[in-house]
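Here's the letter readout for the chains.
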Amino acid sequence: MKIIESPTQMQALAEEQRRRGERIGLVPTMGYLHEGHLSLMRAVRARVGVLVTSVFVNPTQFAPGEDLERYPRDPERDRQLMESEGVDVVFAPPVEAMYLPGAQTWVEVTGVTQGLCGAFRPGHFRGVTTVVAKLFNIVKPHLAAFGAKDYQQLMAIRQMVRDLNFDVEIIELPIVREPDGLAMSSRNAYLTPAERETALSLSRALNRGRAAVEGGMRDPHALVAEIRRELGERKGLEVEYVEVRDAATLAAVAEIDRPVVVALAARVSRTRLIDNVVVMPPG
Ligand code: AMP
């Protein structure tokens, strides 16, 4: 497993592999790896000759006051995990190599980044799409994998790929959860045992919501109210949003008459957590 820090070295290696006819797959991460990340690596490993994982805590996607400085890191453990997943190349650039002084260019997706996390994390998606565009230009992947855990992010990346003609196939992998239902996240490391217990109510509330839709509930407002009621019973949990959107477009829905994504964000003490579920109305 090669570890590359320099974008120009990464580009040279990618170019060489492409000339040899190899297919390149990319799994972008911010490190502190868990099973969710590893599921992406396995999916890509099975599809390409060269598996590249990037590990980069991207400062431009953190709003002021967020957890950039304390974001969990464990490069040695990450290295071992990537090695055992058969990663060929780890691209782990320092911040100064990714953002040169005087940079003036952003990649910003408009529509699908409105509302949901976009409303609570100013500049977040602009940071995400900018760094992913840069990673695509540096790693030159044929294919890149993203998790449904960050549903709006996935939609923003798909939109960017379409709008800017990136020649990269995007594959989506389902949310990997702990046995008790908590969606895996590097940020779960912040939780005390008591907070972790509180955090469980996110997936429980979404399950309740899924059951309601499968039982015939068609009014998105009633669904949101039901989920909020479930979440509201928890002390130490502050809901940021609960929203029901068209799963294919993220447009608001007046009636649940097609697949929808039910997405939420909440703070458990200082830790911001997100989760979602895609549900189909019966029939
Ligand atoms: P992150 O390191 O949190 O930026 O995540 C890197 C990639 O892993 C993104 O595509 C995420 O959507 C994905 N990911 C994070 N957590 C999970 C999870 N629990 N299940 C599936 N994918 C995930």
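Residues numbered from 1 in each chain as written. Predicted model: local features only at pLDDT ≥ 70, side-chain atom pairs only at ≥ 80, totals over all residues. Heavy atoms only, no water.

A.B. asks: Outline the pairing of strand β2 (residues 24-29), supporting the account with residue identities and numerical values.
C.D. replies: The element β2 is largely enclosed, with a buried count of six among its six residues. The β-α-β motif built from β2, the intervening helix α2 (residues 35-45) and the parallel element strand β3 (residues 50-55) has right-handed crossover chirality. Summarising the sheet, β2 and strand β5 (residues 143-147) pair through two bridges and their orientation is parallel. Paired with L26 across the strands is A144, a residue of β5. (Buried < 20%, exposed > 50% of the residue type's maximum accessible area, 1.4 Å probe, protein only. Helix = DSSP H or I, 4+ residues; strand = E, 2+ residues; numbered from the N terminus. Right-handed = clockwise from strand over helix to strand, strands pointing away. Pairing = 2+ DSSP bridges.)

A.B. asks: Let's hear about the sheet that holds strand β8 (residues 260-268): which residues, and what values?
C.D. replies: Taking strand neighbours across the sheet as the criterion, the three strands line up as β7-β8-β9 in an open arrangement whose pairing is antiparallel. Each having just a single partner strand, β7 (237-246) and β9 (271-279) make up the two edges of the open sheet. Within the sheet, the average angular offset between the axes of one strand and its neighbour, ignoring direction, is 15°. Looking at chain direction, β7 and β8 are connected through nine bridges and run antiparallel. From the neighbouring strand, L237 faces β8, where its bridge partner is V268. Here helix α9 (residues 220-232) sits on the sheet in contact with β7 and β8, set at roughly 155° to β7. (Axes fitted to C-alpha atoms, helices over the stretch in contact; angles between N-to-C directions. Contact = heavy atoms within 4.5 Å.)

Coordinates in, geometry out; function isn't part of it.
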